[in-house]
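Residue strings, one per chain:
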Number of protein chains: 2
Amino acid sequence: MGKNLTKRAEDYSKWYNELVVKADLAENSAVRGCMVIKPYGYAIWEKMQAELDKMFKETGHQNAYFPLFVPKSLFEAEEKNAEGFAKECAVVTHYRLQNDPDNEGKLRVDPEARLEEELVVRPTSEAIIWNTYKGWIQSYRDLPILINQWANVVRWEMRTRLFLRTAEFLWQEGHTAHATEAEAIAETKQMNDVYAKFAENFMAIPVIKGVKTESERFAGAIDTHCIEALMQDGKALQAGTSHFLGQNFAKAFDVKFTNNEGKQDYVWATSWGVSTRLMGALIMTHSDDQGLVLPPNLAPIQVVIVPIYKNDDQFNAITVVVNKIADQLRELNVSVKFDSRTTHRPGAKFAQHELQGIPLRIAIGPKDLENETVELARRDNLTKQTIAIDDITNVIPQLLAQIQEDLYTKALNYRDDHITEVNDFEEFKKVLETKGGFISAHWDGTPETEQKIKELTKATIRCIPNDGIEEEGRCIYTSTNSARRVLFAKAY
Amino acid sequence: MGKNLTKRAEDYSKWYNELVVKADLAENSAVRGCMVIKPYGYAIWEKMQAELDKMFKETGHQNAYFPLFVPKSLFEAEEKNAEGFAKECAVVTHYRLQNDPDNEGKLRVDPEARLEEELVVRPTSEAIIWNTYKGWIQSYRDLPILINQWANVVRWEMRTRLFLRTAEFLWQEGHTAHATEAEAIAETKQMNDVYAKFAENFMAIPVIKGVKTESERFAGAIDTHCIEALMQDGKALQAGTSHFLGQNFAKAFDVKFTNNEGKQDYVWATSWGVSTRLMGALIMTHSDDQGLVLPPNLAPIQVVIVPIYKNDDQFNAITVVVNKIADQLRELNVSVKFDSRTTHRPGAKFAQHELQGIPLRIAIGPKDLENETVELARRDNLTKQTIAIDDITNVIPQLLAQIQEDLYTKALNYRDDHITEVNDFEEFKKVLETKGGFISAHWDGTPETEQKIKELTKATIRCIPNDGIEEEGRCIYTSTNSARRVLFAKAY
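What you see is a predicted model, and the numbers here were worked out from it, not measured in a lab.

Caption draft 1: Quick look at the overall build of chain A. Scanning chain A from terminus to terminus reveals 14 helices and 27 strands. Against the compact-globule benchmark of 23 Å for 492 residues, chain A has a radius of gyration of 26 Å, which places it among compact chains. Dimensions of chain A, computed from C-alpha atoms along their principal axes, come out at roughly 80 × 70 × 55 Å. Counting the 492 residues in chain A, one finds 58% classified as buried. Across chain A, 59 positive and 72 negative side-chain charges occur, with their mean positions spaced 3 Å apart.

Below, the structure is given as structure tokens:
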């Protein structure tokens, strides 16, 4: 299976597309730009959801659910937000189909069932949510409101790719309301930190925290914080964003409150989200020419056990031992699958498990039974070792933790090797073409220069990193004075 | 708070609508017929989801996700299904808005961005899923496929009510594919049994399992199994359905497989679902004139602790004890909230907790500290007792189990008292008007008689119960021979 996979060095993009399908993660559907997330892909997403949901609740948030549809009049209320999403939104105009008189057995839109007001399928929920918050907020005692929603959203993208950019995707969107600017800014940063922690501890993806430039900001935000990751092909991927929305939505929807001095003020807002796009980041950070590589903390199956046998007696003897091993591991909260299928040979099973990125494989045959050992193979570095059955409960949890750490370290080393400081535009273009990765460079702070550089090189400013230091310099393109470096990259 | 609630005896329907809003479960939104599920309501739904999801996985199902949209050509492929949903579906016709030249600052649908093919917002997902399964199934080795999806769906209902009937609702929909008819029928029944078990063990709602008549069947099904519950006002509520779809969808989407004899056959299908409608059933089974009553197994907060104090010293002394109690209870997996708000008096807190149906309330004041006791109040029967602090960890888990059981028993007694055997049509009408509930009566088996009875009385056949016995009789309306009784009721 892995053998049929295009090599990354040959065509990275093709490798990715093939891997998503062959590893049974997702596939394209009959609806343009919309994907089917298959059970194995969805199981990984469920693990992500569970961890994120826990982190959101630990930081005081509650889940709720708001309508899928946004009436046009609400959609257009916050002007910049509307402008940002109007060009790519799905619009419901009718509420009924009827038999088509010109086409027997076919249906058509019933022209008499036109909606009085069009409904936009939510591309994001600020509008519908702030229209709702208006009814919930009178005084500072009603604040803060700390809500998250798990939902599907639709953005009518013209060029789509599985997980990375799809017309419909799954995500979570936090929407919070605060009495003070400082509190809203603290929330924005806190949630970006939560995303960074999740990416690093669970996805084993190192990320750079920073702030977007004006032109890369969320439509309607004052500031967009983000976490940026680097893929194996040297392109960056925005893995999560957290927006400080100021009072923009409160003003658009007239959401005022009485503060603790008895005065009326507009409410301060944040919103923050991550989506099934994270699946793309996960794949492109760790996987290899043999297929998917999953960090143990997100793998639906952490250990797969493959029996090697020639007859029923051997199979039965192995099964007894495997059941015992599996029970012991499950008690340690290790997820184990016994691949007892009789329809596939061990070699085919090995290939499939490699392709699907199961972190550890145990193979056990008659010789192993005699010696009371098993063969243990790591997916990430493809190494094997023989260990005593009695050692399994000691070795495996440790090894899973080790793999998690090794994946992170490997990705971190790659990322750190691909941040290049550059001081003139020729060098900038050269590094971008030959090495890729993040380029740390001075920029004059104008959207015009940013746009020009983008046109010439396809590189964008990924972020102004939080941990950047003040440093006098000159813009690589205009040579104007600059006070700090920003991070450029080509990006997904 | 509970004091302002309309009494059930006065106006049951008004009581329900008020309770949903006042208990902070849900509210109407700016989108016609769509609701906002508020955090407290959503927390109950999350508990339902978690338990159901576990039960689905224990019966071998996996989650996946399919597109929100169904292209019109797929929607109309299975004729009966299409006919059943065409009259109430939201249709996306355009993929862009633009500035309205006639209305400055407003947007309008861009007439040039009309979709080539309309997209129906899924009212149910058989069409899009069976079109996908076509690519997944070649041989009997690919079967069964056992998939569930958690999703939002849209049915453009004209008359809506919070939770009970909304244009958008949340649900799960299982869609399975099988090699044999027998296996598909077994799956259909198994999932109806899962629903019954969930309703009884977690929701504390007794249900009657049965099969729908032809006219009440899911559009496109051969048979619809269901669980039927009885609300406090004597009306029935369909709480879950499980459909045997035969080969209807396989034929509509040409999904064939090679069976183990090497022959081609169409695949057998089931689908099954429960929705946020269950919230309505939960409310109308247990709640009273004081507000919500929640079964402990689904209550987001099982125990609330209210401090009674006159000064900071008392508050601090109470807090020390409460924290200890709360820790001990949490170790026993009891969810506890310490309501330490300084903005509300104890009386107001009591009223709110009653309104929101928290199963147990602990009140603790200076006298209690002296005596090392607390006052414990049950929400369901409004009884109080004083218990020693040392007994809390023994008493509370037992009491929660007792409340769960008592709620079920109370609902079961009510339900059993409201199944009336009736043998002529005059009696039928009289029982329906005076007592309500299920009426067990003979019916001639024709849709015409069923329709006629519905027109005359608003009662429908809720189901042909599984545990019904063969019994000679005569149809209450036509006096034609009948072999078994069916259950009639007015229904939500």
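Caption draft 2: Representation of the nonpolar core within the structure. Counting residues in each nonpolar core, the largest one holds 102 residues, and the members touching the most others are A:Phe69, A:Trp130, B:Phe69 and B:Trp130. With residues near it in sequence (within four places) discarded, B:Trp130 still touches B:Thr176, B:Ala177, B:Phe249, B:Ala250, B:Phe253, B:Val255, B:Val267, B:Trp268 and B:Ala269.

Caption draft 3: Spatial organisation of the relation of the copies chain B and chain A. Between chain B and chain A, the superposition needs a rotation of 180 degrees and an axial shift of 0.0 Å, giving an RMSD of 0.0 Å. Both copies are brought into coincidence by an operation consistent with a two-fold rotation axis. Residue B:Val92 of chain B places its C-alpha closer to the rotation axis than any other residue of that unit, at 2.1 Å. Both copies contact each other with a shared surface, as 100% of the interface residues of chain B are interface residues in chain A too.

Caption draft 4: Layout of the side chain of B:Glu168. Tracing the backbone through its elements, the reader meets B:Glu168 in strand S10 (residues 168-178). Although B:Glu168 lies buried, it forms no salt bridge, and the closest oppositely charged side chain, A:Arg122, sits 4.4 Å away as judged by the N-O distance. One polar contact links B:Glu168 to A:Tyr65, side chain to side chain, over a distance of 2.5 Å. Within the local environment of B:Glu168, its side chain forms a polar contact with the backbone nitrogen of A:Leu68, the two atoms lying 2.9 Å apart. Apart from the residues lying within four places of it in its own chain, the contact partners of B:Glu168 are A:Tyr65, A:Phe66, A:Pro67, A:Leu68, A:Arg122, B:Gly33, B:Cys34, B:Asn152, B:Val153 and B:Val154.

Caption draft 5: Main features of the UniProt feature "domain: Aminoacyl-transfer RNA synthetases class-II family profile" (unreviewed entry) in chain A. With numbering aligned to this structure, UniProt lists the feature "domain: Aminoacyl-transfer RNA synthetases class-II family profile" (unreviewed entry) at residues 27-295 of chain A. Within the segment residues 27-295 of chain A, helix and strand shares are 29% and 32% respectively, and the terminal C-alpha atoms sit 22 Å apart.

Caption draft 6: Main features of the packing of helix H2 (residues 39-58) of chain B against helix H6 (residues 181-201) of chain B. Residue and element names in this part refer to chain B. Remark: H2 packs on H6, axes separated minimally by 11 Å, with the N-to-C direction vectors making an angle of 145 degrees. Read as a crossing pair, H2 and H6 show a hand that is right-handed. The residues of H6 that touch H2, namely those facing Met48, Glu51, Leu52, Met55 and Phe56, are Met191, Val194, Tyr195, Lys197 and Phe198.

Caption draft 7: Spatial organisation of the environment of B:Lys251. Mapped onto the secondary structure, B:Lys251 falls in helix H7 (residues 248-252). The spacing of B:Lys251 and B:Trp130 is 121 residues in sequence and 9.8 Å in space, taken between C-alpha atoms.

Caption draft 8: Up close: the domain arrangement of chain A. Residues and elements named next belong to chain A. Taken domain by domain, chain A comprises domain 1 (2-68 + 125-286), domain 2 (296-413) and domain 3 (419-489). One C-alpha centre belongs to domain 1, the other to domain 2, and the line joining them spans 35 Å. Taken together, the contact pairs 21 residues of domain 1 with 12 residues of domain 2. Among the residues domain 1 hides against domain 2, the three largest losses belong to Tyr40, Lys47 and Pro206. Together they make up 36% of the total. At the junction of domain 1 and domain 2, the tally comes to zero salt bridges. Our enumeration of links across domain 1 and domain 2 arrives at five residue pairs in polar contact (both at pLDDT 80 or more). Mapped onto the side of domain 1 that touches domain 2, the elements with two or more residues apiece are helix H1 (12-22), helix H2 (39-58), helix H6 (181-201) and helix H8 (277-286).

Caption draft 9: Quick look at the pattern of salt bridges. Going through the model one piece at a time under the given rule, you end up with 52 salt bridges over all chains. With a closest N to O distance of 2.9 Å, B:Lys209 and B:Asp193 form a salt bridge. On the criterion of sequence distance, the pair formed by B:Lys209 in strand S11 (residues 208-211) and B:Asp193 in helix H6 is long-range, its members being 16 residues apart. Classification of B:Lys209 as partly exposed rests on a relative accessible area of 31%. B:Glu433 is paired through a salt bridge with B:Lys490; the nearest N and O atoms lie 3.2 Å apart. A residue pair is termed long-range when its members are at least 10 positions apart, and B:Glu433 in helix H13 (residues 425-434) and B:Lys490 in the segment after strand S27 (485-489) qualify at 57 residues. With relative accessibility at 24%, the residue B:Lys490 sits in the partly exposed group. Salt bridges here are not isolated pairs; linked through shared partners, they connect A:Lys212, A:Glu216, A:Glu228 and A:Arg462.

Caption draft 10: A look at empty space enclosed by the protein. Residues and elements named next belong to chain B. The tally for this structure, following the rule as stated, stands at two cavities of 30 Å³ or more. In this structure, the largest cavity occupies an estimated 50 Å³ of space. The residue inventory of the lining of the largest cavity, partitioned by class, reads five nonpolar, two polar and one charged. There is about 30 Å³ of room inside the second largest cavity. Elements that contribute at least two residues to the lining of the second largest cavity include exactly strand S2 (35-37) and S10.

Caption draft 11: Highlighting the interface of chain B and chain A. Facing the 64 residues of chain B at the interface are 64 residues of chain A. Carbon and sulfur atoms supply 68% of the area that chain B and chain A bury against each other, a total of about 5000 Å² over both sides. Counting across the interface, chain B meets chain A through four salt bridges. Put simply, B:Lys57 and A:Glu46 hold a salt bridge, and the shortest N to O gap is 3.2 Å.

Caption draft 12: Fine view of helix H4 (residues 79-86) of chain B. All of the buried residues in H4(B) are B:Asn81, B:Ala82, B:Phe85 and B:Ala86. Down the axis of H4(B), the smallest arc covering the buried residues is 120 degrees, so these residues share one side. Projecting away from the buried face of H4(B) at angles above 90 degrees are the exposed residues B:Glu79, B:Lys80 and B:Glu83. Check the buried side of H4(B) and you find it contacts strand S6 (97-99) and strand S7 (107-109) of chain A together with helix H3 (72-75) and H7 of chain B. The opening residue of H4(B), the one whose side-chain oxygen lies 3.3 Å from the backbone nitrogen of B:Lys80, is B:Glu78.

Criteria and cut-off values
- Residues numbered from 1 in each chain as written.
- Chains lettered and ligands numbered in written order.
- Predicted model: local features only at pLDDT ≥ 70, side-chain atom pairs only at ≥ 80, totals over all residues.
- Heavy atoms only, no water.
- Helix = DSSP H or I, 4+ residues; strand = E, 2+ residues; numbered from the N terminus.
- Rg over C-alpha atoms; globule rule 2.2 N^0.38 Å.
- Buried < 20%, exposed > 50% of the residue type's maximum accessible area, 1.4 Å probe, protein only.
- Lys, Arg positive; Asp, Glu negative; His and termini not counted.
- Charge placed at Lys NZ, Arg CZ, Asp CG, Glu CD.
- Core = buried A, V, L, I, M, F, W, Y, C linked by side-chain atoms within 4.5 Å.
- Contact = heavy atoms within 4.5 Å.
- Least-squares fit on C-alpha atoms with pLDDT ≥ 70 in both.
- Salt bridge = Lys/Arg side-chain N within 4 Å of Asp/Glu carboxyl O.
- Polar contact = N/O pair within 3.5 Å; in protein donor to acceptor, adjacent residues only side chain to side chain.
- UniProt positions renumbered as here; feature names shortened; annotations may be inferred.
- Axes fitted to C-alpha atoms, helices over the stretch in contact; angles between N-to-C directions.
- Left-handed = near helix turned anticlockwise from the far one by under 90°.
- Domains from an automatic or database assignment.
- Buried area = accessible area lost by both parts, 1.4 Å probe.
- 1 Å grid on protein atoms, 1.4 Å probe; cavity = no way out; pocket = protein on both sides within 12 Å on 5 of 7 lines; lining within 4 Å.
- Points joined across faces, edges and corners; volume = space filled by probe spheres on them.
- Nonpolar A, V, L, I, M, F, W, Y, C, P; charged D, E, K, R; others polar.
- Arc of directions from axis to C-beta.

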